[in-house]
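Reading the structure
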Amino acid sequence: MSALSQKTVKNPLSIKGIGLHTGEPVNIKINPAEPNTGIVFKRTDLNNNNYIIPSVFNVTNTSFCTTVSNEFGVKVSTIEHLMGALFGLGVDNALIEVDSEEVPILDGSAKEFVEKINLVGIKSSNIPIKIIKIEKKVSIKDGTKTMSIEPNKISLDIDFEIKYNNELIGTQRNLINVYEEDLSEIYSSRTFCVYEDIEKLKKMNLAKGGNLNNALVVKDNKVLNEGGLRNNKEFVNHKILDCIGDLYLSGYKIIGKVYCSQGGHKLTNQLLREVFQNKDNFKIIEIKEKNIPHSLINRKYLRSIA
């Protein structure tokens with residue numbers, strides 16, 4: 001299967017669970033879609049105006065998850081883990097039917113999404129992929145939080161750092177090459193919180209569906225979940241998963257290097273908005289050849305379509 005042609009799932013697949021913040025049961029169905037469709041959500045519990053495009057400028061809320069809405073105010077939230085799975089697996093086109101306003105949280109990671117998609121398989125087309133190539137460095141800052149994206153040769157590198165006052169989480173940092181490294185630990189890393197924040201979330205009418213089966217909870221220097229951590233950098237790795245999912249709201253794969261310290265959904269969306277404000281910051285490019293020696297891309301085989 002060529003890494004350079006657009007892909008979709010081979011067959012429809014269904015997943016059910018509960019919404020992390022709504023606590024409501026939800027069913028989703030990931031359907032194959034034609035080339036150049038992109039990723040599209042459809043709220044099947046609504047009859048009208050129920051299609052939502054997960055794009056940078058459709059993000060309407062970034063508090064503890066990513067929410068996208070259409071022009072009629074119809075929304076779908078907590079899309080980041082699913083979007084991260086689709087990005088990492090190279091799924092360019094899919095129609096995602098969802099019968100509630102929130103994508104199921106499952107175990108708090110992208111693990112089940114990845115497993116289910118791999119089970120049905122991925123189908124390649126003969127239509128070339130398009131890629132966003134970062135041309136100039138763009139940086140933003142929000143207090144102690146910083147994030148930047150800059151040109152890179154042929155990959156998407158994410159260098160992410162978190163800093164928590166909690167003694168167990170502390171400061172963690174990881175650097176990954178999204179297109180060439182094994183992302184298994186990224187996919188399986190779960191959303192997390194410190195115990196003291198649970199009541200705060202409840203008062204904000206959030207995390208109604210949260211429990212130890214779908215979120216890591218840390219109290220002092222102990223993980224309350226049975227079995228503990230899945231990997232040594234699970235906390236920062238989950239933030240990288242979120243980042244990958246949020247970056248996919250650009251609509252395409254990205255060639256660039258991302259650095260983030262203490263950021264999250266809001267900062268990633270602000271960065272992408274800043275990138276797209278100026279056409280000098282990026283190019284959208286299309287592959288001219290079907291096969292090249294590199295696993296993803298080589299500059300001489302590109303042509304600008306921007």
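Our subject in this report is the structure included herewith.

What counts and how
- Residues numbered from 1 in each chain as written.
- Predicted model: local features only at pLDDT ≥ 70, side-chain atom pairs only at ≥ 80, totals over all residues.
- Heavy atoms only, no water.
- Pairing = 2+ DSSP bridges.
- Helix = DSSP H or I, 4+ residues; strand = E, 2+ residues; numbered from the N terminus.
- Axes fitted to C-alpha atoms, helices over the stretch in contact; angles between N-to-C directions.
- Patch = residues over 30% accessible without salt bridge, like charges linked within 9 Å, V, L, I, M, F, W, Y side chains within 5 Å.
- Areas by Shrake-Rupley, 256 points an atom, 1.4 Å probe, with all protein chains shown as cover.
- Salt bridge = Lys/Arg side-chain N within 4 Å of Asp/Glu carboxyl O.
- Lys, Arg positive; Asp, Glu negative; His and termini not counted.
- Charge placed at Lys NZ, Arg CZ, Asp CG, Glu CD.
- Buried < 20%, exposed > 50% of the residue type's maximum accessible area, 1.4 Å probe, protein only.
- Core = buried A, V, L, I, M, F, W, Y, C linked by side-chain atoms within 4.5 Å.
- Contact = heavy atoms within 4.5 Å.
- 1 Å grid on protein atoms, 1.4 Å probe; cavity = no way out; pocket = protein on both sides within 12 Å on 5 of 7 lines; lining within 4 Å.
- Points joined across faces, edges and corners; volume = space filled by probe spheres on them.
- Nonpolar A, V, L, I, M, F, W, Y, C, P; charged D, E, K, R; others polar.

**Side note on the sheet that holds strand β8 (residues 75–77)**
The strand order β6-β7-β8 describes an open sheet built from three strands, whose pairing is antiparallel. One side of each edge strand has no neighbouring strand; the edge strands of this open sheet are β6 (59–61) and β8. Pairwise comparison of adjacent strand axes, ignoring direction, gives a mean angle of 35 degrees for this sheet. Taken together, the two bridges between β6 and strand β7 (residues 67–69) define a ladder with antiparallel strand orientation. Each residue of the ladder has a partner; that of V59, found in β7, is V68.

**Here's the deal with a negative patch on the surface**
Taken together, the side chains of E180, E181, D182 and E185 make up a negatively charged region of the molecular surface. Residue placement: D182 occurs in the loop between β15 (171–177) and α3 (184–188). Using a relative accessible area of 64% as the deciding quantity, one classes D182 as exposed.

**A look at the nonpolar core**
Counting 78 residues, the largest nonpolar core has F41 and I158 as the members making the most contacts within it. Top element by residues in this core is helix α5 (residues 234–247). It accounts for seven residues. Leave out the neighbours within four places in its chain, and F41 touches N50, Y51, I52, P54, V76, I79, L82, M83, I96, V98 and V103.

**Details of a nonpolar patch on the surface**
Together, Y195, L212 and L224 make up an exposed nonpolar region whose accessible area comes to about 260 Å². With respect to the element layout, L212 can be found in the loop between α4 (198–203) and β17 (216–219). L212 sits in the partly exposed class, given a relative accessible area of 42%.

**Digging into the layout of surface pockets**
By volume, the largest pocket is sized at about 1200 Å³. If you go around the largest pocket, you meet 42 residues; those closest to its centre are F64, Y164, F192, C193 and K239. Contributions of two or more residues to the lining of the largest pocket are made by α1 (80–89), β14 (156–163), β16 (192–194), α4, α5 and α6 (265–276). Grouping the constituent residues of the lining of the largest pocket by class yields 18 nonpolar, 14 polar and 10 charged.

**Some thoughts on the pattern of salt bridges**
Enumeration according to the criterion identifies 12 salt bridges in this entry. R230 is paired through a salt bridge with D107; the nearest N and O atoms lie 2.9 Å apart. Separated by 123 residues along the polypeptide, R230 in the loop between β18 (222–223) and α5 and D107 in the loop between β9 (94–98) and α2 (111–120) bring together distant segments of the chain. For D107, a relative accessible area of 15% gives the class buried. In this structure, E286 engages K130 in a salt bridge whose closest nitrogen and oxygen atoms are separated by 3.8 Å. With a gap of 156 residues between them, E286 in strand β20 (residues 282–287) and K130 in strand β11 (residues 130–134) connect regions that are remote in the sequence. This pair shows no difference in class: E286 is buried, exactly as K130 is.

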